[in-house]
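Secondary and tertiary structure notes
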Amino acid sequence: MRITEHQAVDELVVYGYLRGAAAPSGRLRALSSALKAYCEQHELTLSRVFTEWIDDADGSVFSSLLATLSTQQPYGVVLLSRHHLGPRDVANSRAAQITTSGTRLIAVR
């Protein structure tokens, strides 16, 4: 339990979601660090970062995120931008699936 503005609040668990190039890179590590920093600054507990590679055509990483959301019921999913959910039409559909699950969608930018 944390104390925020002099009131006790339960731990605010979030999951991160990134979409990156086909191989791990310095840029992806920097994006992951930015997610962690945002969560620390806003007193969010980053439980895990789901990373989807651009060439992951089957959407298995996003499916894993949805399965986790249905069983863990976290406070939210943190993205650096909606771009990390995929192309615009895919991102809109995915954003709706996240919020329909009762989870907040938090876009840093």
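Refer to the structure above for everything that follows.
In short, a report on the structure.

All right, on to helix α3 (residues 88-100) then. With 13 residues, α3 should cover 18 Å at 1.5 Å per step; its first-to-last C-alpha distance of 18 Å lies within 8% of that length. All of the buried residues in α3 are Ala 91, Arg 94, Ala 95 and Ile 98. Seen from one end, α3 has its buried residues packed into an arc of 105°, which puts them on one side. Those residues of α3 that are exposed and aimed more than 90 degrees away from the buried face are Asp 89 and Thr 100. Among the structural elements, β3 (13-20), β4 (45-53), α2 (60-72), β5 (76-79) and β6 (104-107) are those in contact with the buried residues of α3. Looking at the residues trailing α3, positive phi occurs at Gly 102, about 90°.

Once that is clear, we can look at the layout of surface pockets. Rolled over the atoms, a probe sized like a water molecule indicates the empty space that remains. Looking at the largest pocket, its volume works out to about 200 Å³. Along the wall of the largest pocket there are 13 residues; nearest its centre are Arg 19, Gly 20, Arg 27, Leu 31 and His 84. Taken together, the elements giving at least two residues each to the lining of the largest pocket come down to β3 and α1 (26-41). Counting residues per element, the lining of the largest pocket draws most heavily on α1, at three residues. Looking at the lining of the largest pocket residue by residue, the classes come out as five nonpolar, five polar and three charged.

Another aspect to go through is unusual backbone geometry. Even without a glycine there, the phi angle at Glu 43 is positive, about 55°. Tracing the backbone through its elements, the reader meets Glu 43 in the loop between α1 and β4.

To continue, consider the nonpolar core. The biggest cluster of nonpolar side chains holds 13 residues, and the ones touching the most others in it are Tyr 17, Leu 65, Val 77, Leu 85 and Ile 98. Only β3, α2, β5 and α3 provide two or more residues apiece to this core. With four residues, the single largest contributor to this core is α2.

Thresholds applied
Residues numbered from 1 in each chain as written. Predicted model: local features only at pLDDT ≥ 70, side-chain atom pairs only at ≥ 80, totals over all residues. Heavy atoms only, no water. Helix = DSSP H or I, 4+ residues; strand = E, 2+ residues; numbered from the N terminus. Expected span 1.5 Å × (residues − 1). Buried < 20%, exposed > 50% of the residue type's maximum accessible area, 1.4 Å probe, protein only. Arc of directions from axis to C-beta. Contact = heavy atoms within 4.5 Å. 1 Å grid on protein atoms, 1.4 Å probe; cavity = no way out; pocket = protein on both sides within 12 Å on 5 of 7 lines; lining within 4 Å. Points joined across faces, edges and corners; volume = space filled by probe spheres on them. Nonpolar A, V, L, I, M, F, W, Y, C, P; charged D, E, K, R; others polar. Core = buried A, V, L, I, M, F, W, Y, C linked by side-chain atoms within 4.5 Å.

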